[in-house]
Amino acid sequence: MPRYSIYGLSLQANCVLPGLPALAEGGESAASAADIEVVMGGLPDWFRPGPEGQAEGDEADWYVSQLLDTQGQPGFRISKLDQGRYFWLRYSSGLEFVLDCAGSRLWATWPPDWTISDVTPYVLGPVAGFILRLRGLVCLHASAVAVGGRVLVFLGQSGAGKSTTAAAFADLGYRVLSDDIVALAGQQNELWVQPAYPFLRLLPEALDALNQGRPATDRHRLPLSQAPASDKFHLNLGQTAAFSFQSEALPLAGVYLLDTRLDDEAAPLLKPTSARDALITLTTHTYGNRLLDKTMRSYEFKLLSNLVKHYPVRRLVSHSDPARLFQLCRLVLADFALISGHEY
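The present account deals with the structure reproduced in this document. The structure presented is a predicted model; accordingly, all values stated were derived computationally and were not measured.

## Regarding the packing of aromatic side chains
Any pair of aromatic rings gets described here by the distance separating the centres and the angle formed by the planes. With the rule as written, the count across this model stands at 16 aromatic pairs. For the ring pair Phe76 and Tyr91, a centre distance of 4.6 Å and an interplane angle of 35° mean the geometry is tilted. Of the two residues, Phe76 sits in strand β5 (residues 76–81) while Tyr91 sits in strand β6 (residues 86–91), which places them 15 residues apart along the sequence. Through successive ring pairs, a cluster of aromatic residues spans Trp46, Phe47, Tyr86, Trp88 and Trp107. The ring centre of Trp88 lies 4.0 Å from the NZ or CZ of Arg90, which sits over that ring.

## Observations concerning the pairing of strand β12 (residues 181–187)
The element β12 is largely enclosed, with a buried count of five among its seven residues. Relative to β12, strand β9 (residues 138–147) runs antiparallel, the two sharing four bridges. Note on β12: the bridge partner recorded for Val138 is Leu184. Connecting the antiparallel pair β12 and strand β13 (residues 190–193) is a turn made up of two residues, with Gln188 showing a positive phi of about 55°.

## Thoughts on the sheet that holds strand β3 (residues 36–40)
Judged by pairing direction, the sheet is mixed, and its eight strands sit side by side in the order β1-β2-β3-β8-β7-β6-β5-β4 without closing on themselves. Of all strands in the sheet, those bounded by a partner on one side alone are β1 (3–6) and β4 (61–64). On average, each strand axis in the sheet is tilted by 20° relative to the strand beside it, whichever way the strands run. Alignment of strand β2 (residues 9–13) against β3, held across three bridges, turns out to be parallel.

## Details of the side chain of Ser65
Locating Ser65 in the fold gives a position in the loop between β4 and β5. The exposure class assigned to Ser65 is buried, which follows from its relative accessible area of 10%. In terms of polar contacts, Ser65 uses its side chain to reach the backbone amide nitrogen of Leu67, at 3.0 Å. Beyond its immediate sequence surroundings of up to four residues, Ser65 is in contact with Pro74, Gly75 and Phe76.

## Describing the pattern of salt bridges
In this structure the tally under the stated criterion is seven salt bridges. Put simply, Arg150 and Glu190 hold a salt bridge, and the shortest N to O gap is 3.0 Å. Taken together, the residues Arg150 in strand β10 (residues 150–155) and Glu190 in strand β13 connect sequence positions 40 residues apart. Looking at Glu190, the relative accessible area reads 25%, which means it is partly exposed. Asp277 serves as the salt-bridge partner of Arg315, at 2.9 Å between the closest nitrogen and oxygen. Of the two residues, Arg315 is situated in strand β19 (residues 313–317) and Asp277 in helix α5 (residues 275–284); the sequence distance between them amounts to 38 residues. Of the residues examined, Arg315 reaches a relative accessible area of 14% and is grouped as buried.

## What about the sheet that holds strand β14 (residues 199–202)?
Within a sheet, adjacent strands bond to each other through the backbone by hydrogen bonds, running parallel or antiparallel. Taken together, the three strands give an open sheet; going across it, the order is β14-β16-β15, and neighbouring strands pair in antiparallel fashion. Unpaired on one side and paired on the other, β14 and β15 (224–226) mark the two borders of the sheet. Within this sheet the neighbouring strands show an average axis-to-axis angle of 30°, counted without direction. When β14 meets strand β16 (residues 233–236), the two strands line up antiparallel, connected through four bridges. Within the sheet, the bridge partner assigned to Arg201 lies in β16 and is His234. Each of β14 and β16 is contacted by helix α2 (residues 162–171), which is oriented at about 130° to β14, the strand it contacts most.

Rules behind the numbers
Residues numbered from 1 in each chain as written. Predicted model: local features only at pLDDT ≥ 70, side-chain atom pairs only at ≥ 80, totals over all residues. Heavy atoms only, no water. Phe/Tyr/Trp six-rings, centres within 6.5 Å; stacked < 30°, edge-to-face > 60°. Helix = DSSP H or I, 4+ residues; strand = E, 2+ residues; numbered from the N terminus. Lys NZ or Arg CZ within 6 Å of the ring centre and 35° of its normal. Buried < 20%, exposed > 50% of the residue type's maximum accessible area, 1.4 Å probe, protein only. Pairing = 2+ DSSP bridges. Axes fitted to C-alpha atoms, helices over the stretch in contact; angles between N-to-C directions. Polar contact = N/O pair within 3.5 Å; in protein donor to acceptor, adjacent residues only side chain to side chain. Contact = heavy atoms within 4.5 Å. Salt bridge = Lys/Arg side-chain N within 4 Å of Asp/Glu carboxyl O.

Below you can see the structure in the form of structure tokens.
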């Protein structure tokens, strides 16, 4: 049974998860129990949905998505099973997951015309985000890179350039910790960022931005592979010396809030932000924030308030011209040099 590492947790599956590199057999992790056990292609033996799709012991819907499918039905629902011991996650497409409340066992099943390649992005994305929440981590919709033994986080809405910015830092020789989900945990009076998996998901236009100014012969040297069941590409970290993955957790250094791109000669540029504005923006861009119960929300607010109080948070405005991507990186590095007192 292949074993993987995601967000600082070991995951053991009953099959190969496409696009996710397995850990080497015989390593230290093989001797210990996996943090998460995954069964792909089946739900628990005790799970018995009724004729109307309800399961025995099913409570009222715990969460119902406001987004509707083409039939006008909620695109996603979560119910609690067995007096709250399990969660039943189901998409209107027919994709289903059952997850225990400890975030340690996961089952998945899907429609006949789907493949494991179609399902794996859900496991690494929304489901992993929910598991991390259950395990007490706060997740930001962001990317993260390691600079000087600490972590810079780039946060923003979809399309803001989080993955592209992380890829540019990787191209400059800095290690990447995470893409899309940044998991934060309190440790030794600091906030630490957990490593996700050794690749970045990039759209073709992001690759175009990364290739601006690069000789045509060098463009083919980027360690790329087609992302499963997607129009995106994987920028594989660790396959070449130039692109590296940070596999160990590191303490947070600061957060950069990616604003709308500008076609302005002054961009890229940094803008100050108030503590109140920073907290609101961070809260808005937490991952899976609609799935939080009162306890989770209280912990999230406390952690993010601590972040805003003790760590620098800046607004970062990029230029609409992709040729200025690496100029943005140099701007961030200069700012981090002021924060840390060291040049990078």
